[in-house]
Amino acid sequence: MSKPIEKVMSAPDAVKRFVNDGDHLIIGNYTVGTCMELVFEIIRQGKKGFTLYSQSGILDVELLVAAGAVERLVATYVLRSGGRNGGSAVERALQDGSLQIEDYTNYNYNARLMAGMHGFSFMQVFEGIMVTDLFKKRSFMGEDKYRVIKCPYTGKDVVTVPAANPDVCIVHVQRADKFGNAQYWGAIGSVPAAALASKRIIITCEEIVDTEIIRSSPHHTIIPAFRADAVIEVPWGAHPTEVVGHYNQDKLMWGLFIMAAAGGKRLQAWMDEWVFNCQDRQAYIDHYVERFGSGRLQKLVAKPLYSAPANYGSAFHSTWDANGKDRGTGLTMEEIENLLEERGLLHD
Amino acid sequence: MTKKYTLDELLIIAVAREIHDYDNVILGIGLPTTAGALAKALHAPQANLMMEAGMIDFEPVIPPNHIADVMACKGYACATDLFTAFTMTYRGFVDICFLGVGQIDKFGNLNTTSIGDYYKPDLRLPGSGGAADFISYSKRTILTMRGGEFVEELEYFTSPGYLGGGNERDRSGLFPQGSGPAKLITQKGIFEFDPVTKEIVLASIHPRISVKDVQKDVPWELKISETLAETKPPSDAEINFIRDFAPAAAMGRALASEIGFANLIKELEARGKIQ
């Protein structure tokens, strides 16, 4: 089924339409620029039963797990708040049996997405993993966490991971156009692979820009429009994480969250205040300003540091030269048509 | 008489000294980033600093918050992806990487995943992240430990050191010959691995620390190098660089977050934003 051409909608609409209970849900962002507003909206709508993929899950994973939305987690790295005496929502959910986790290394996790993105059924990973408990201890994926095959060329054992094709990817980027061409720059991580491996893609961006801007800088586009399902302009959409060129990490809010994550009740109180009592990102930012002052937010705004423009220029942008002659044959249109007639190549 | 230093500074400086000019370096989260900046500023100007998020040849101007913090530098030479950062490690292009330690055993194998039953853990630690793949395929790996522990047996085997010791790692055929952890650096000393048995050996001890202080953290009889040395104290230039570049790193995590948080509260109180 082809997707509609223009995909601009609200975050609540996008989540209603494209995120289903029980989905394999993947966080597209890696460590930075996390799609916080989409995470919040999924929690507000009470979606649940997810198999969640997150390569560097901190706030995103903690909140979705604390909300009881996640049954299974595929991860490489999780939060631990407050050292030995602290904890995390993930730890509490593992302890009470409400969550299962499948641990991969960063590369193994990414390899599953690379396979999925390119349509392969598996990807080769590094054989050293076989001596570790990542390979030996398996959770819900069982035998399919890793499988070992013989390389047909070298005859050596090759370790593989299965492709991952999540149902839906939520991802935040710097800019996109209304058709869903999404541009992201900075730490690339696994962001393009997470998005393109997925069946549906919901994009939030700091700004929606004219398609001309996208077309003049296609090297920044990580998701082409034909793969996108929804585009939502959400300024400050990744706060309290940072977005390159827009704002820095907010250490105040980050600190409040990290402290809250160490205890279940405190985390619930944080979520009540910042997720459930704020109906959307604007309300969240308004509440932040009310609590801490607009000055704190302004201090985070990035000063510009522009990339040098890449020159996409060409000697000419027309087949016809200044004298109206085709550059290849040196003929005018009239001469070409006469020639075709002469040679008997034209038909009624 | 050189300046007085903190143990965090001593640790960072010992790490920085492991970076050689022209090394291709993968920096992990935390103190290695400060060590990388120090090395580049003072003794390894041509070192190529990289992070697994895909940044190649970056020069941090402030301490990065994490391994994907491009806002800590003013541009960098190449923005590749995480997949490529690891495959270039697998192909042998990475000279040195740094890993933090949760638990470490006698042969430099590591646990950063969990304490207790893996499926219902007493403590859930962060996990592998890039660790298992980097220590497998980087030419050298330097381990750092603050708050981790030496154990007879790991509760979860996250990252391979020398496996059961001797030549087991090389013999397995799974890793580049001669790879594996080169050193462990703690706030008490610097450890190396015996060239034959691959057992961890105390090679250098920080000033004013006794062998007994080190032994009390280790549940087996620790091997001591016959050439046990005292760690060379930091130079003023090294100390000054760290304090200027990353005062919080000089203070250490606990003190820096205590004071940082107090500073936030003070600011908010002054603005009447909290009671």
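Residues numbered from 1 in each chain as written. Chains lettered and ligands numbered in written order. Predicted model: local features only at pLDDT ≥ 70, side-chain atom pairs only at ≥ 80, totals over all residues. Heavy atoms only, no water.

### Overview of the nonpolar core
All names here are of chain A.
Move 1: Formed by 194 residues in total, the largest nonpolar core has its most connected members in Leu63, Leu64, Leu73, Ile202, Ile223 and Trp270.
Move 2: A domain-level breakdown of this core finds at least three residues from each of domain 1 (1-119 + 164-305) and domain 2 (122-162).
Move 3: Other than its neighbours up to four places away in sequence, Ile223 contacts Val171, Gly180, Asn181, Ala182, Ala195, Leu196, Ile201, Ile203 and Ala228. (Core = buried A, V, L, I, M, F, W, Y, C linked by side-chain atoms within 4.5 Å. Buried < 20%, exposed > 50% of the residue type's maximum accessible area, 1.4 Å probe, protein only. Domains from an automatic or database assignment. Contact = heavy atoms within 4.5 Å.)

### A few points about the layout of surface pockets
Move 1: Quantified by volume, the second largest pocket comes out at close to 1400 Å³.
Move 2: In terms of lining, the second largest pocket is formed by 43 residues, of which the most central are Trp185, Val244, Leu305, Tyr306 and Ser307 of chain A.
Move 3: Listed by contribution, the elements that provide at least two residues to the lining of the second largest pocket are strand E8 (168-176) and strand E11 (221-223) of chain A together with strand E4 (73-79) of chain B.
Move 4: Element by element, the count of residues in the lining of the second largest pocket is highest for E4 of chain B, at seven residues.
Move 5: Split into classes, the residues belonging to the lining of the second largest pocket amount to 26 nonpolar, 12 polar and five charged. (1 Å grid on protein atoms, 1.4 Å probe; cavity = no way out; pocket = protein on both sides within 12 Å on 5 of 7 lines; lining within 4 Å. Points joined across faces, edges and corners; volume = space filled by probe spheres on them. Helix = DSSP H or I, 4+ residues; strand = E, 2+ residues; numbered from the N terminus. Nonpolar A, V, L, I, M, F, W, Y, C, P; charged D, E, K, R; others polar.)

### Focus on empty space enclosed by the protein
Residue and element names in this part refer to chain A.
Move 1: The tally for this structure, following the rule as stated, stands at one cavity of 30 Å³ or more.
Move 2: Size it by volume and the largest cavity reaches roughly 50 Å³.
Move 3: In terms of lining residues, the largest cavity is bounded by Val32, Gly33, His172, Val173, Gln174, Tyr184, Trp185, Glu242, Val243 and Val244.

### Side note on the sheet that holds strand E10 (residues 140-145) of chain B
Residue and element names in this part refer to chain B.
Move 1: Spatially, 10 strands are ordered E4-E3-E2-E1-E5-E10-E12-E13-E14-E15 in an open sheet, and the strand pairing comes out mixed. The open sheet has two edge strands, E4 and strand E15 (223-230), and neither has a second partner. Pairwise comparison of adjacent strand axes, ignoring direction, gives a mean angle of 30 degrees for this sheet. (Pairing = 2+ DSSP bridges. Axes fitted to C-alpha atoms, helices over the stretch in contact; angles between N-to-C directions.)

### Digging into the packing of aromatic side chains
Move 1: On inspection of all chains with the given rule, the structure shows 24 aromatic pairs over all chains.
Move 2: Between Trp274 of chain A and Tyr288 of chain A the ring centres are 6.3 Å apart and the planes differ by 50 degrees, which places this aromatic pair in the tilted class. Highlighted residues: Trp274 of chain A in helix H10 (residues 264-276) and Tyr288 of chain A in helix H11 (residues 281-292), separated in sequence by 14 residues.
Move 3: On the accessibility criterion, Tyr288 of chain A (0% relative accessible area) is buried.
Move 4: Between Phe150 of chain B and Trp220 of chain B, the aromatic rings sit 6.2 Å apart at their centres with planes inclined by 80 degrees, giving edge-to-face as the arrangement. Taken together, the residues Phe150 of chain B in strand E11 (residues 149-150) and Trp220 of chain B in the loop between helix H6 (211-215) and E15 connect sequence positions 70 residues apart. Across this residue pair, the class does not change: Phe150 of chain B and Trp220 of chain B are buried.
Move 5: Between the NZ or CZ atom of Lys145 of chain A and the centre of the ring of Tyr104 of chain A, over which it lies, the distance is 5.5 Å. (Phe/Tyr/Trp six-rings, centres within 6.5 Å; stacked < 30°, edge-to-face > 60°. Lys NZ or Arg CZ within 6 Å of the ring centre and 35° of its normal.)

### A few points about the interface of chain A and chain B
Move 1: Facing 65 residues of chain A, the contacting portion of chain B comprises 55 residues.
Move 2: Interface area lost by chain A to chain B is led by Arg84, Phe126 and Val131 of chain A, which between them contribute 12%.
Move 3: Connecting chain A to chain B are two salt bridges.
Move 4: For Glu149 of chain B, the salt bridge identified is with Arg84 of chain A, shortest N-O distance 3.4 Å.
Move 5: One can count 26 residue pairs in polar contact (both at pLDDT 80 or more) joining chain A with chain B.
Move 6: Those elements giving two or more residues to the side of chain A that touches chain B turn out to be helix H4 (89-95), strand E4 (100-103), helix H5 (106-118), strand E5 (122-125), helix H6 (133-136), helix H9 (251-261), H11 and helix H12 (294-298) of chain A.
Move 7: In terms of residue count, the dominant contributor to the side of chain A that touches chain B is H5 of chain A (six residues).
Move 8: Considering only residue class, the side of chain A that touches chain B consists of 28 nonpolar, 22 polar and 15 charged. (Buried area = accessible area lost by both parts, 1.4 Å probe. Salt bridge = Lys/Arg side-chain N within 4 Å of Asp/Glu carboxyl O. Polar contact = N/O pair within 3.5 Å; in protein donor to acceptor, adjacent residues only side chain to side chain.)

### What about the confidence of the model for chain B?
Move 1: In this model, chain B carries an average pLDDT of 94, and 99% of its residues clear a pLDDT of 70 or more.
Move 2: Note on the complex model: pTM 0.95, ipTM 0.94. (pLDDT = per-residue confidence, 0-100.)

### With respect to helix H3 (residues 82-90) of chain B
Move 1: The complete set of buried residues in H3 of chain B reads Leu82, Phe83, Ala85, Phe86, Met88 and Thr89 of chain B.
Move 2: Buried residues along H3 of chain B sit in contact with H5 and E5 of chain A together with strand E1 (24-26), strand E2 (48-51), strand E3 (55-60) and helix H4 (131-137) of chain B.

### Comments concerning the domain arrangement of chain A
Residue and element names in this part refer to chain A.
Move 1: Split into domains, chain A comes out as domain 1 (1-119 + 164-305), domain 2 (122-162) and domain 3 (314-348).
Move 2: Summarising the inter-unit geometry, the C-alpha centres of domain 1 and domain 2 are found 29 Å apart.
Move 3: On the domain 2 side, the residues contacting the 16 residues of domain 1 number 18 residues.
Move 4: A buried area of about 1300 Å², summed over both sides, lies between domain 1 and domain 2, and 65% of it is on carbon and sulfur atoms.
Move 5: Counting the contacts that link domain 1 with domain 2 gives one salt bridge.
Move 6: Lys145 serves as the salt-bridge partner of Glu102, at 3.4 Å between the closest nitrogen and oxygen.
Move 7: On the surface where domain 1 and domain 2 come into contact, there are 10 residue pairs in polar contact (both at pLDDT 80 or more).
Move 8: Split into classes, the residues belonging to the side of domain 1 that touches domain 2 amount to nine nonpolar, three polar and four charged.

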